[in-house]
Amino acid sequence: GAVVSQHPSRVICKSGTSVKIECRSLDFQATTMFWYRQFPKQSLMLMATSNEGSKATYEQGVEKDKFLINHASLTLSTLTVTSAHPEDSSFYICSASKLARKTQYFGPGTRLLVL
Amino acid sequence: AQKVTQAQTEISVVEKEDVTLDCVYETRDTTYYLFWYKQPPSGELVFLIRRNSFDEQNEISGRYSWNFQKSTSSFNFTITASQVVDSAVYFCALSEVRDDKIIFGKGTRLHILP
């Protein structure tokens, strides 16, 4: 086990709209979920860490009002990109880890294109 | 501060050759975890291995092997008899005990040529 899904896999939206990305752990309870952003040919950049039932912890330089994260249950976290702009276009990846475990299991990613 | 360095940005080898991907890390902690992930063209990161800092035994899994050397702060990854399907970006990563974050290296893009 340790399967993580993301939905949608790909989204194209107009500038100014908001986009919600879902991350689900399918066969385990994820006490902690992480959201990353990856630009082409670059490494993963951690955006925020979210624990179920509490506010997300954002990395320095990440706007929390721009990237809203909700971790409402042990199997679901959502990332909402509010008022998206073309510079928000990127590959967003979530990961989940089990209680007291260090290994993160990654979702398949969501490609966001803002026109 | 913690840091992961993958000096090889891109490697190309012919199929069936062996290839080693280098990883050097920095940490002030005595207890930490090291990882390797594979990212194929589809984009999904695939977990390959996790190593605890107190376990320096090398590991082999099929064509994959890992060499962990604390003395040189290295955690290298070798693919034996490479195949075209091994073409991907490989990330080495580090996590300290104090928090759940994983710090990734910049990745090594591996091309296996037929």
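Basis of the calculations
Residues numbered from 1 in each chain as written. Chains lettered and ligands numbered in written order. Predicted model: local features only at pLDDT ≥ 70, side-chain atom pairs only at ≥ 80, totals over all residues. Heavy atoms only, no water. Buried < 20%, exposed > 50% of the residue type's maximum accessible area, 1.4 Å probe, protein only. Helix = DSSP H or I, 4+ residues; strand = E, 2+ residues; numbered from the N terminus. Pairing = 2+ DSSP bridges. Disulfide = S-S within 2.5 Å. Contact = heavy atoms within 4.5 Å. Polar contact = N/O pair within 3.5 Å; in protein donor to acceptor, adjacent residues only side chain to side chain. Patch = residues over 30% accessible without salt bridge, like charges linked within 9 Å, V, L, I, M, F, W, Y side chains within 5 Å. Areas by Shrake-Rupley, 256 points an atom, 1.4 Å probe, with all protein chains shown as cover. Salt bridge = Lys/Arg side-chain N within 4 Å of Asp/Glu carboxyl O. Axes fitted to C-alpha atoms, helices over the stretch in contact; angles between N-to-C directions.

**Quick word on the pairing of strand 9 (residues 90-97) of chain A**
Residues and elements named next belong to chain A.
- For strand 9, the tally of buried residues reaches eight of eight residues, placing the bulk of the element in the interior.
- Along strand 9, one buried face is formed by Ser 90, Tyr 92, Cys 94 and Ala 96 and the opposite face, lined by Phe 91, Ile 93, Ser 95 and Ser 97, is buried too.
- The pairing of strand 4 (residues 32-38) with strand 9 spans seven bridges and is classified as antiparallel. Looking across to strand 9, one finds that Tyr 36 is bridged to Ile 93.
- In the sheet, strand 9 pairs with strand 11 (residues 110-114) via three bridges, with the strands oriented antiparallel. Following the sheet pairing, Phe 91 is matched in strand 11 by Arg 111.

**A few points about the state of the cysteines**
Residue and element names in this part refer to chain B.
- In this structure the tally under the stated criterion is two disulfides over all chains.
- Between Cys 23 and Cys 92 runs a disulfide, and the two sulfur atoms are separated by 1.9 Å. Measuring handedness by torsion sign, the sulfur bridge of Cys 23 and Cys 92 sits at about -65° and is left-handed. Here Cys 23 is found in the loop between strand 3 (19-21) and strand 4 (24-26), whereas its partner Cys 92 is found in strand 10 (residues 88-96), with 69 residues between them in sequence.
- The class of Cys 23 is buried, set by a relative accessible area of 0%.
- For Cys 92, a relative accessible area of 0% translates into the label buried.

**Remarks on the environment of Asn 58 of chain B**
Residue and element names in this part refer to chain B.
- The residue Asn 58 is located in the loop between strand 6 (46-52) and strand 7 (59-61) in this model.
- Through-space distance from the C-alpha of Asn 58 to that of Phe 68 is 6.1 Å; in sequence the pair is 10 residues apart.
- Residues in contact with Asn 58, not counting those within four places in the same chain, are Arg 51, Trp 66, Asn 67 and Phe 68.
- For Asn 58, the side chain forms a polar contact with the main-chain nitrogen of Phe 68, separated by 3.1 Å.

**Things to note about a nonpolar patch on the surface**
- A contiguous nonpolar surface patch, about 300 Å² in accessible area, is contributed by Ile 12, Leu 113 and Leu 115 of chain A.
- With respect to the helices, strands and loops of the structure, Leu 113 of chain A is situated in strand 11.

**Let's talk about the sheet that holds strand 3 (residues 19-25) of chain A**
Residue and element names in this part refer to chain A.
- Strands sit in the order 1-3-8-7 across an open sheet of four strands; the sheet is antiparallel. Only two strands of the sheet have a single partner each, and these edge strands are strand 1 (4-7) and strand 7 (67-73). Averaged over all neighbouring strand pairs, the angle between strand axes comes to 15°, with direction disregarded.
- Sheet analysis places strand 7 next to strand 8 (residues 76-81), joined by five bridges and oriented antiparallel. Bridge pairing in strand 8 links Ile 69 to Leu 79.

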